[in-house]
Each structure stands twice: as structure tokens, then as C-alpha cells.
Amino acid sequence: MMVRLNLLLLAVLIVCALSLVTSRHQARKFFVDLEREQVLTRGYEIEYGQLLLEQSTWAMPARVEKIAREQLRLQLPHSGRIEIIGEAAR
């Protein structure tokens, strides 16, 4: 009877030890994955900031106007052709 109890306790101990090793391995793996994703996130944040800066540079009114005049040969309409529409007219 005592031998069976000892064998049962030994089996439970082995199962607990294996589950502990498995859970620690998973925790380390998840931590490495988390760090990798945080590095990627920082890279994406830097790239996003650079893209915002580039967008603001490309969309500057003076630049758009210069391209419209020089490349597209657009001109401002004469003052007689400009109509101002108020909010109520929409």
C-alpha cells in the first residue's frame, strides 16, 4: 500500500515538474516574442513619424501651387470668375 502511494506521489511530482518546465519555457518564449514585437513597434512609430513629415512637406501650399503653375500650367481665375458660396447655400 505504501509503495503504491509513493509511486503515485512520484508520478504526480514528475508531472508537476514537467508542467513547471513547460510553463517556464513558454513564459521565456512569450517574453522574447514580446520584445521582438516592441522593437517592430518602435520601428513602425519611427517610420510613421517620417511619413508624416514627408506628407507635410509634399502637401505644403506653396509647393502645390508651384507645381500647379509650372508643370500643369494652371492659373488663378480672374476676380470676376470667383464665387464665394456661404454655408447656408449648401
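Everything below is about the structure shown above.
Residues numbered from 1 in each chain as written. Predicted model: local features only at pLDDT ≥ 70, side-chain atom pairs only at ≥ 80, totals over all residues. Heavy atoms only, no water.

Which residues make up the overall build of the protein, and what values go with them?
The helix and strand tally for the protein stands at two helices and zero strands. What you see for the protein is a C-alpha radius of gyration of 34 Å, clearly larger than the 12 Å of a compact globule of 90 residues, by over 25%. In terms of principal-axis extent, the alpha carbons of the protein reach across some 110 × 35 × 15 Å. Here the protein, with 90 residues, has 1% of them falling under the buried criterion. In the protein, the 12 positive side-chain charges and the 10 negative ones have mean positions that sit 8 Å from each other. (Helix = DSSP H or I, 4+ residues; strand = E, 2+ residues; numbered from the N terminus. Rg over C-alpha atoms; globule rule 2.2 N^0.38 Å. Buried < 20%, exposed > 50% of the residue type's maximum accessible area, 1.4 Å probe, protein only. Lys, Arg positive; Asp, Glu negative; His and termini not counted. Charge placed at Lys NZ, Arg CZ, Asp CG, Glu CD.)

So what's going on with a nonpolar patch on the surface? Which residues, and what values?
There is a patch of nonpolar side chains on the surface, built from Val3, Leu7, Leu10, Leu13, Ile14 and Leu18 and spanning about 610 Å² of accessible area. One can find Leu10 in helix α1 (residues 2–58). Note on Leu10: relative accessible area 45%, which makes it partly exposed. (Patch = residues over 30% accessible without salt bridge, like charges linked within 9 Å, V, L, I, M, F, W, Y side chains within 5 Å. Areas by Shrake-Rupley, 256 points an atom, 1.4 Å probe, with all protein chains shown as cover. Salt bridge = Lys/Arg side-chain N within 4 Å of Asp/Glu carboxyl O.)

Before we move on, could you go through the pattern of salt bridges and cite the residues and values that matter?
As enumerated under the stated definition, the model contains three salt bridges in all. One salt bridge in this structure joins Asp33 and Arg36, with 3.1 Å as the shortest N-O distance. Of this pair, Asp33 and Arg36 both sit in helix α1, separated by three residues, roughly a single helical turn. Since its relative accessible area comes to 24%, Asp33 is described here as partly exposed. Here Glu65 and Arg69 are joined by a salt bridge, their closest N and O atoms 2.7 Å apart. Taken together, the residues span about one helical turn, with Glu65 and Arg69 both in helix α2 (residues 61–70) at a distance of four residues.

Let's hear about unusual backbone geometry: which residues, and what values?
Positive phi, normally seen in glycine, also occurs at Arg73, with a value near 55°. Relative to the assigned elements, Arg73 resides in the segment after α2. The class of Arg73 is exposed, set by a relative accessible area of 68%.

Hey, could you go over the environment of Val15 for me, with residue numbers and the actual values?
Locating Val15 in the fold gives a position in helix α1. Among the residues examined, Val15 registers a relative accessible area of 55% and is labelled exposed. Sequence separation between Val15 and Phe31 is 16 residues; the distance between their C-alpha atoms is 24 Å.

Please give an account of the environment of Asn6 that cites residues and values.
By the element assignment, Asn6 lies in helix α1. Separated by 45 residues in the primary sequence, Asn6 and Leu51 place their C-alpha atoms 67 Å from one another.

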